[in-house]
Amino acid sequence: QVQLVESGGGLVQAGGSLRLSCAASGRTFNSCAMGWFRQAPGKEREFVAGVSWSGARTTYSDAVNGRLTISRDNAKNTVYLQMNSLKADDTAVYYCAAARMVNIPRNPMDYDYWGQGTQVTVSS
């Protein structure tokens, strides 16, 4: 079992930055691929970024590539999402998720554990 708790969301102006954190508990965290997803009102949950269990590999959606950076610190059981050059379209609830897989899945159905989400609002 892995429990996930996100933090760091808030209100920011367009062009600004935020850093989201996802604190994990559970013995299997270090063997899980981790992902960040987001869901805006009326839209489906979409993949944003993912990182392999070791942190050596990362992948991003086209919408955020170059602006967002995912990382993890396995010693602290924490995953981060550094968000720069934020746009109004980035407004959504952001979710952290863990997948018991070697690869980094993009399909939310492949993730086994989810956090409760944190709201990010970007004002234009």
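For the structure given in this document, a descriptive report is provided here. Just so we're clear, the structure is a prediction, and the values are computed from it rather than from any experiment.

Things to note about the state of the cysteines
The final tally for this structure, using the stated rule, is one disulfide. Put simply, Cys22 and Cys96 are joined by a disulfide, and their sulfur atoms are 2.1 Å apart. Here Cys22 and Cys96 share a disulfide; its torsion about the S-S bond, -75°, makes the bridge left-handed. On the criterion of sequence distance, the pair formed by Cys22 in strand β3 (residues 18-25) and Cys96 in strand β9 (residues 92-99) is long-range, its members being 74 residues apart. Cys22 gets classed as buried once you look at its relative accessible area, which sits at 0%. Taking relative accessible area as the criterion, Cys96 reaches 0% and is therefore assigned buried. Free cysteine: Cys32, not disulfide-bonded; nearest cysteine sulfur from Cys96 at 10 Å.

Some thoughts on the environment of Ala24
Relative to the assigned elements, Ala24 resides in strand β3. On the accessibility criterion, Ala24 (11% relative accessible area) is buried. Expressed as a C-alpha distance, the spacing of Ala24 and Gly115, which sit 91 residues apart in the sequence, is 9.1 Å. In contact with Ala24, other than residues within four places in its own chain, are Val2, Gln3, Leu4, Phe29 and Asn77.

Considering the sheet that holds strand β1 (residues 3-7)
In space, the four strands of this open sheet follow the order β1-β3-β8-β7, with antiparallel pairing throughout. One side of each edge strand has no neighbouring strand; the edge strands of this open sheet are β1 and β7 (68-73). Each adjacent strand pair in this sheet contributes to an overall mean axis angle of 15°, direction not counted. Sheet topology note: the β7/strand β8 (residues 78-83) ladder contains six bridges and is antiparallel. Along β8, the bridge assignment pairs Arg72 with Val79.

Procedures and definitions
- Residues numbered from 1 in each chain as written.
- Predicted model: local features only at pLDDT ≥ 70, side-chain atom pairs only at ≥ 80, totals over all residues.
- Heavy atoms only, no water.
- Disulfide = S-S within 2.5 Å.
- Helix = DSSP H or I, 4+ residues; strand = E, 2+ residues; numbered from the N terminus.
- Buried < 20%, exposed > 50% of the residue type's maximum accessible area, 1.4 Å probe, protein only.
- Contact = heavy atoms within 4.5 Å.
- Pairing = 2+ DSSP bridges.
- Axes fitted to C-alpha atoms, helices over the stretch in contact; angles between N-to-C directions.

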